[in-house]
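Residue-level listing of the chains:
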Amino acid sequence: MKQLVVGVLLAVGALLLAFYVAPWRSTVTPRDLPPELADEPDIYMQNATITQYQADGLIQYRLRSAQIRHFEAEKLTRLIEPDLSLYNHPEPPWRATSERGYIRRRTNDAGVEEEVVYLRDNVVLHKSGNAGEEITMRSPAFYIYPERQYAETDQDVMIDTEVGRTSAHGLQGDLKRGLLKLFSNTDAPVHTIILPEQFKQASS
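Residues numbered from 1 in each chain as written. Predicted model: local features only at pLDDT ≥ 70, side-chain atom pairs only at ≥ 80, totals over all residues. Heavy atoms only, no water.

1. What about the overall build of the chain?
Argument step 1. Within the chain one finds 2 helices and 12 strands.
Argument step 2. Ordered by position from N to C terminus, the α and β elements of the chain give α-β-β-β-β-β-β-β-β-β-β-β-β-α.
Argument step 3. Across the 204 residues of the chain, 31% fall into the buried class.
Argument step 4. In the chain, of all internal contacts separated by at least 6 residues, the share reaching a separation of at least 24 is 37%. (Helix = DSSP H or I, 4+ residues; strand = E, 2+ residues; numbered from the N terminus. Buried < 20%, exposed > 50% of the residue type's maximum accessible area, 1.4 Å probe, protein only. Contact = heavy atoms within 4.5 Å.)

What follows is the structure in structure tokens.
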């Protein structure tokens, strides 16, 4: 019985070796996809969640999306109804939502390749502070860099806080440190409205 088992193993090994060194193997090429599948994604997911962790094991960001389609040839991931949370422990996370978007890797000005999430159509960035403060930013489009928690847009942006509302044409934001740089042009200057309640508090 033992000799039979050994013989079978040797036979299987010989067949595998013959397959890998066979002369026809080098001439076999992958077949092209049929035309009806040429535009289909390599990976397709519905109601998916992607979680990225830092080196210390803490969550860096979490991305939920109603639909994720990844195209390997383009190195592009398309998103439907993305919901992105950026974590900066122990601070509360920033949350960004939109109707659609995509993920791509690009090389920044420092020559470092990084991941960028582009959100468009009714983009909302929101954060609730530990002491009850809230900030909400709305714009038609935003570029978000999850690894360094940086956001920017060259579109009109509206910023609401418990103090009032500010409108601008373009924004660059260090979300980790809470520093915002606002831009304007001749048609859309930076404009701020202070809520009346703030004047009542100041006078009391």
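From this point on, the discussion continues.
2. Describing the side chain of Thr 77
Argument step 1. Considering the arrangement of structural elements, one finds Thr 77 in strand E3 (residues 76–80).
Argument step 2. On the basis of relative accessibility, which here comes to 12%, the residue Thr 77 falls in the buried class.
Argument step 3. A polar side-chain atom of Thr 77 sits 2.8 Å from a polar atom in the side chain of His 70. (Polar contact = N/O pair within 3.5 Å; in protein donor to acceptor, adjacent residues only side chain to side chain.)

3. As for the nonpolar core
Argument step 1. Counting residues in hydrophobic clusters, the biggest one holds 24 residues, and the most contacted among them are Leu 84, Leu 125, Met 137, Phe 142 and Ile 144.
Argument step 2. Among residues more than four places away in sequence, those in contact with Leu 84 are Tyr 61, Arg 62, Leu 63, Trp 94, Arg 95, Ala 96, Val 117 and Ile 144. (Core = buried A, V, L, I, M, F, W, Y, C linked by side-chain atoms within 4.5 Å.)

4. Quick notes on the packing of aromatic side chains
Argument step 1. As enumerated under the stated definition, the model contains 3 aromatic pairs in all.
Argument step 2. With a centroid separation of 5.1 Å and an interplanar angle of 40°, the aromatic rings of Tyr 102 and Tyr 118 are classed as tilted. With a gap of 16 residues between them, Tyr 102 in strand E6 (residues 100–107) and Tyr 118 in strand E7 (residues 113–128) connect regions that are remote in the sequence.
Argument step 3. One aromatic cluster is present, built from ring pairs that chain together Tyr 102, Tyr 118 and Tyr 143. (Phe/Tyr/Trp six-rings, centres within 6.5 Å; stacked < 30°, edge-to-face > 60°.)

5. Points about the environment of Arg 64
Argument step 1. In this fold, Arg 64 is placed in strand E2 (residues 59–71).
Argument step 2. Between the C-alpha atoms of Arg 64 and Asn 47, which are 17 residues apart in sequence, the distance is 7.0 Å.
Argument step 3. When sequence neighbours within four positions are dropped, the list of residues in contact with Arg 64 reads Ala 48, Thr 49, Glu 81, Pro 82 and Asp 83.

6. Looking at the pattern of salt bridges
Argument step 1. By the definition in use, this model includes 11 salt bridges.
Argument step 2. Arg 120 is the salt-bridge partner of Asp 121, the closest N and O atoms lying 3.2 Å from each other.
Argument step 3. Accessibility expressed as a relative area gives 27% for Asp 121, which makes it partly exposed.
Argument step 4. In this structure, Arg 165 engages Asp 160 in a salt bridge whose closest nitrogen and oxygen atoms are separated by 2.6 Å.
Argument step 5. According to the relative accessible area criterion, Arg 165 is partly exposed, its value standing at 41%.
Argument step 6. Residue Asp 160 is classed as buried on the basis of its relative accessible area of 17%.
Argument step 7. Bridged by salt links that share partners, the residues Arg 100, Arg 120 and Asp 121 form one connected network. (Salt bridge = Lys/Arg side-chain N within 4 Å of Asp/Glu carboxyl O.)

7. Focus on the environment of Ser 139
Argument step 1. The topology assignment puts Ser 139 in strand E8 (residues 134–145).
Argument step 2. Accessibility expressed as a relative area gives 6% for Ser 139, which makes it buried.
Argument step 3. Along the sequence, Ser 139 and Met 158 sit 19 residues apart, while their C-alpha atoms lie 6.6 Å from each other.
Argument step 4. Leave out the neighbours within four places in its chain, and Ser 139 touches Asn 122, Val 123, Thr 153, Gln 155, Asp 156 and Val 157.
Argument step 5. A distance of 3.3 Å separates a polar atom in the side chain of Ser 139 from the backbone oxygen of Ala 141.

8. Things to note about the confidence of the model for the chain
Argument step 1. Predicted confidence across the chain gives a mean pLDDT of 81, with 75% of residues reaching 70 or more.
Argument step 2. For the chain, the element scoring lowest by mean pLDDT is helix H1 (residues 2–21), at 42; E8 scores highest, at 96.
Argument step 3. With pLDDT under 50 throughout, residues 1–29 is counted as low confidence; its partners more than four residues away or in other chains account for 2 contacts. (pLDDT = per-residue confidence, 0-100.)

9. Some points on the pairing of strand E1 (residues 43–53)
Argument step 1. Across 10 bridges, the pairing between E1 and E2 is antiparallel. Bridge assignment links Tyr 53 to a residue of E2, and that residue is Ile 59.
Argument step 2. In this antiparallel pair of consecutive strands, E1 and E2, the connection spans 5 residues, and Gly 57 shows a positive phi of 90°. (Pairing = 2+ DSSP bridges.)

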